[in-house]
Amino acid sequence: MTARPNIVLVHGAWADGSCWSGVIERLQADGYHVTAPQFPMTALADDVARLRQVLNLQDGPTIVAGHSYGGQIITALGPDAPNVTGLVYIAAFALDAGESLGALLSQGPTPPALGHLFTDKQGFGWLPEDDFVKYFAADVHPVQAKVMHAVQQALAGSAFGDVMGTPAWKLVPSWFLVATQDQAIPPDAERMFASRMGATTIEVPSSHVAMVSHPGEVADLIRAAAENRAA
């Protein structure tokens, strides 16, 4: 068996790297080298550039896991990610070539977590605290959910119009966690993503922020991907 791969964790919109804390603790306890950087959320290209910056610091093969919009970031690596050996999607977007977030979201009713999304003068979208606590992080203790809201990273509105090129998941083995109580991305959309990717899939009775409310299951899935790719 080869050496175990590194793990890079990619947060999504309205979150930051600290949302992975429970997962990081578990993976570090198993001896994995884990990195969970902060992403600017200023443009998809900027976020992908940050991910490439972090990947360049990894010594050897790497598993990359993305949550929510973080799935958009890891997908947009495309065919140019030589040290990435596995992709793990946690209640995440996994677009195909030619698709955009805005077009996808317009196909159905607005999810409850995004019902009162508002845009500031600089063109960045924010979630109000009530919707964040009630819907985005519905199964997280309200005190913790309010802390998460306080550190949210706003997302540039341009991200909804970015069209996906060749998705990385067409070239790299993938895993997917469907959050069955998600009120930000419809669970059926997550199942569709996972199915067309041919991803190894699990379902967890979680809100959108499964890595916070179910860190054990999330760590287990990332660990399974790492062990598979190290075999």
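Residues numbered from 1 in each chain as written. Predicted model: local features only at pLDDT ≥ 70, side-chain atom pairs only at ≥ 80, totals over all residues. Heavy atoms only, no water.

Looking now at the layout of surface pockets. A water-sized probe rolled over the atoms picks out the places where empty space is left. Taken as a whole, the largest pocket encloses approximately 210 Å³ of empty space. Residue lining of the largest pocket: F93, L104, L105, Q107, G108, P109, P111, I185, P186, A189, M192 and F193, and that is the complete set. At the level of secondary structure, the elements contributing two or more residues to the lining of the largest pocket comprise helix 4 (101-105) and helix 7 (187-197). Here the lining of the largest pocket is composed, by residue class, of ten nonpolar, two polar and no charged. The calculated volume of the second largest pocket comes to roughly 160 Å³. (1 Å grid on protein atoms, 1.4 Å probe; cavity = no way out; pocket = protein on both sides within 12 Å on 5 of 7 lines; lining within 4 Å. Points joined across faces, edges and corners; volume = space filled by probe spheres on them. Helix = DSSP H or I, 4+ residues; strand = E, 2+ residues; numbered from the N terminus. Nonpolar A, V, L, I, M, F, W, Y, C, P; charged D, E, K, R; others polar.)

This next bit is on helix 2 (residues 44-55). Relative to the 16 Å expected for twelve residues at 1.5 Å per residue, helix 2 spans 16 Å between its end C-alpha atoms, a close match to the ideal helical length. Here helix 2 has its buried residues at L44, D47, V48, L51, V54 and L55. For helix 2, the angular spread of buried residues about the axis comes to 120 degrees, placing them on one side. Elements in contact with the buried residues of helix 2: strand 1 (6-10), strand 2 (34-35), strand 3 (62-67), helix 3 (69-75) and strand 4 (84-90). (Expected span 1.5 Å × (residues − 1). Buried < 20%, exposed > 50% of the residue type's maximum accessible area, 1.4 Å probe, protein only. Arc of directions from axis to C-beta. Contact = heavy atoms within 4.5 Å.)

Turning our eyes to something else, we now look at the pairing of strand 4. Summarising burial for strand 4: seven of the seven residues are buried, a large majority. Sheet topology places strand 3 next to strand 4; six bridges connect them, and they run parallel. By the bridge assignment, G66 is partnered in strand 4 with Y89. In this fold, strand 3 hands off to helix 3, which returns the chain to strand 4; that crossover is right-handed. Sheet analysis places strand 4 next to strand 8 (residues 174-179), joined by four bridges and oriented parallel. Pairing of V88 across the sheet is with W175, part of strand 8. (Pairing = 2+ DSSP bridges. Right-handed = clockwise from strand over helix to strand, strands pointing away.)

This brings us to the sheet that holds strand 6 (residues 124-126). Read across the open sheet, the three strands follow the order 5-6-7; overall the sheet is antiparallel. Strands with a single pairing partner mark the edges of an open sheet, and in this sheet they are strand 5 (118-119) and strand 7 (155-156). Sheet topology places strand 5 next to strand 6; two bridges connect them, and they run antiparallel. Bridging across to strand 6, T119 finds its partner in G125.

Overall, parallel pairing links the six strands, which are arranged 2-1-3-4-8-9 in an open sheet. In this open sheet, the two strands that pair with only one neighbour each are strand 2 and strand 9 (200-204). Helix-sheet contacts for helix 2 involve strand 1, strand 2, strand 3 and strand 4, and the interaxial angle to strand 1 is about 160 degrees. (Axes fitted to C-alpha atoms, helices over the stretch in contact; angles between N-to-C directions.)

Let's shift gears to the side chain of T75. Within the element layout of this structure, T75 appears in helix 3. Accessibility expressed as a relative area gives 0% for T75, which makes it buried. Setting aside its immediate chain neighbours within four residues, T75 contacts Y89, F93, A94, L95, M164, T166, P167, A168 and W169.

All right, on to empty space enclosed by the protein then. Within this structure, the stated rule accounts for two cavities of 30 Å³ or more. If you go around the largest cavity, you meet 14 residues; those closest to its centre are W14, S68, F93, L114 and F160. Taken together, the residues of the lining of the largest cavity break down into twelve nonpolar, two polar and no charged. Around the second largest cavity sit A15, D16, S18, C19, M148 and V151, which together line it. When grouped by side-chain class, the residues that make up the lining of the second largest cavity number four nonpolar, one polar and one charged.

A word on the side chain of H214. Here H214 is to be found in the loop between helix 8 (210-213) and helix 9 (215-230). A residue is classified by how much of its surface remains accessible, and H214, at 15% relative accessible area, is buried. A polar contact is formed between the side chain of H214 and the side chain of S213, at a distance of 3.0 Å. Ignoring anything within four residues of it in the chain, the contact list for H214 reads D139, V204, P205 and S206. (Polar contact = N/O pair within 3.5 Å; in protein donor to acceptor, adjacent residues only side chain to side chain.)

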